[in-house]
Amino acid sequence: LGPVLGWLTYAAYGLRAPYFVAGAIGLANALVVSRWLPESLDAAARADRDREAAPRRPLAQIALPLAPFLLCSFLTSTARMAVDTTFGFFAQTALGASPRGVAGVLFAMGVTSALVQGGLVRSLAGRISDLQLFVAGCALMTAGLAGLGFAASWAGVLAGGIPVAVGFALLAPTLTSLLSRAAEDVQGEAQGLNGSATA
């Protein structure tokens, strides 16, 4: 919904307004989390957990075996964000697009990703391995990115953009799952490293 909200805010209040709206949404999110998602363990349960926890390993010892997964996270996140951050310039220059047209394409890609992750991935999980879904997602995303590089019309943009959205929606959750399994007893640290890699 972000691209459409950004376009509506821009259309109503100007170019700088979407940045303030995004900041307000982030602040509201933090407030909601702090208010309605409290710590699930009380102090005694946390103390018991900490006493029984295995000794911590050095971060490098944790990160090295996970490096291939973290590299994949970095590369796929970078590729996906590259589309979001450069598409508007490309569409304006090559297709004479308005902010509304850019928002519409990015909205279509976002809805496609949500539908794939919320429906298709859920139905395929367990029937097809995470590695197969990850590879299929990489292939679709690669094909879509290549297609966007040659797009000369709105049809070409959609023909490239939709596979990027589907590919990323397939590979992102399956990569997280693969990373989680590889991490074994250090899943929290692994997900923290993954968050850093995607950031």
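Residues numbered from 1 in each chain as written. Predicted model: local features only at pLDDT ≥ 70, side-chain atom pairs only at ≥ 80, totals over all residues. Heavy atoms only, no water.

## Examining the pattern of salt bridges
One side chain can pair with another of opposite charge once the charged atoms of both are near each other.
1) Next: One pass over the full model with this rule turns up 2 salt bridges.
2) Next: Ionic pairing is found between Asp 84 and Arg 80, a salt bridge with its closest N-O pair at 2.6 Å. Remark: Arg 80 and Asp 84 occur in helix α4 (residues 59-95); sequence separation between them is 4 residues, near one turn of the helix.
3) Next: Arg 80 gets classed as buried once you look at its relative accessible area, which sits at 10%.
4) Next: Of the charged contacts, one joins Asp 130 and Arg 181 as a salt bridge, the two residues approaching to 2.6 Å between their closest N and O atoms. Placement of Asp 130 in helix α6 (residues 130-150) and of Arg 181 in helix α7 (residues 154-183) is noted, with a sequence separation of 51 residues between them. (Salt bridge = Lys/Arg side-chain N within 4 Å of Asp/Glu carboxyl O. Helix = DSSP H or I, 4+ residues; strand = E, 2+ residues; numbered from the N terminus. Buried < 20%, exposed > 50% of the residue type's maximum accessible area, 1.4 Å probe, protein only.)

## Describing the packing of α7 against helix α8 (residues 187-198)
1) Next: At a closest axis distance of 8 Å, the pairing of α7 and α8 adopts a crossing angle of 140 degrees. Taken together, the axis directions place α7 and α8 in an arrangement best described as oblique. Regarding α7 and α8, the two cross each other, and that crossing is right-handed. When α7 is examined against α8, the residues Thr 176, Leu 179, Ser 180 and Ala 183 are found in contact with a partner set consisting of Gln 187, Ala 190, Gln 191 and Asn 194.
2) Next: Here the contact of α7 with α8 is built from residues that sort into 3 nonpolar, 5 polar and no charged. (Axes fitted to C-alpha atoms, helices over the stretch in contact; angles between N-to-C directions. Parallel < 35°, antiparallel > 145°, perpendicular 65-115°, else oblique. Left-handed = near helix turned anticlockwise from the far one by under 90°. Contact = heavy atoms within 4.5 Å. Nonpolar A, V, L, I, M, F, W, Y, C, P; charged D, E, K, R; others polar.)

## Brief notes about the confidence of the model for the protein chain
1) Next: Averaged over every residue, the pLDDT of the protein chain is 87; residues scoring 70 or more account for 95%.
2) Next: Per-element confidence in the protein chain ranges from a low mean pLDDT of 74 for helix α3 (residues 43-52) to a high of 94 for helix α2 (residues 17-36). (pLDDT = per-residue confidence, 0-100.)

## A word on the nonpolar core
1) Next: Among the nonpolar cores identified, the biggest contains 18 residues, and Phe 87, Val 102, Met 109, Val 157 and Val 164 are the most heavily contacted of them.
2) Next: Those elements that place two or more of their residues in this core are α4, α5 (99-124), α6 and α7.
3) Next: It is α7 that contributes the most residues to this core, 6 residues altogether.
4) Next: Aside from chain neighbours lying at most four places away, what touches Val 164 is Arg 80, Val 83, Met 109, Leu 140, Met 141, Gly 144, Leu 145 and Leu 148. (Core = buried A, V, L, I, M, F, W, Y, C linked by side-chain atoms within 4.5 Å.)

## Observations concerning the packing of helix α1 (residues 2-13) against α5
1) Next: Packing of α1 against α5 leaves a shortest axis separation of 8 Å and a crossing angle of 165 degrees. Taken together, the axes of α1 and α5 are roughly antiparallel relative to one another. As for how α1 packs across α5, the hand of that crossing is left-handed. Contacts between α1 and α5 involve Pro 3, Val 4, Trp 7 and Tyr 10 on the former and, on the latter, Pro 99, Arg 100, Ala 103, Leu 106 and Phe 107.
2) Next: Split by residue class, the contact of α1 with α5 holds 8 nonpolar, no polar and 1 charged.

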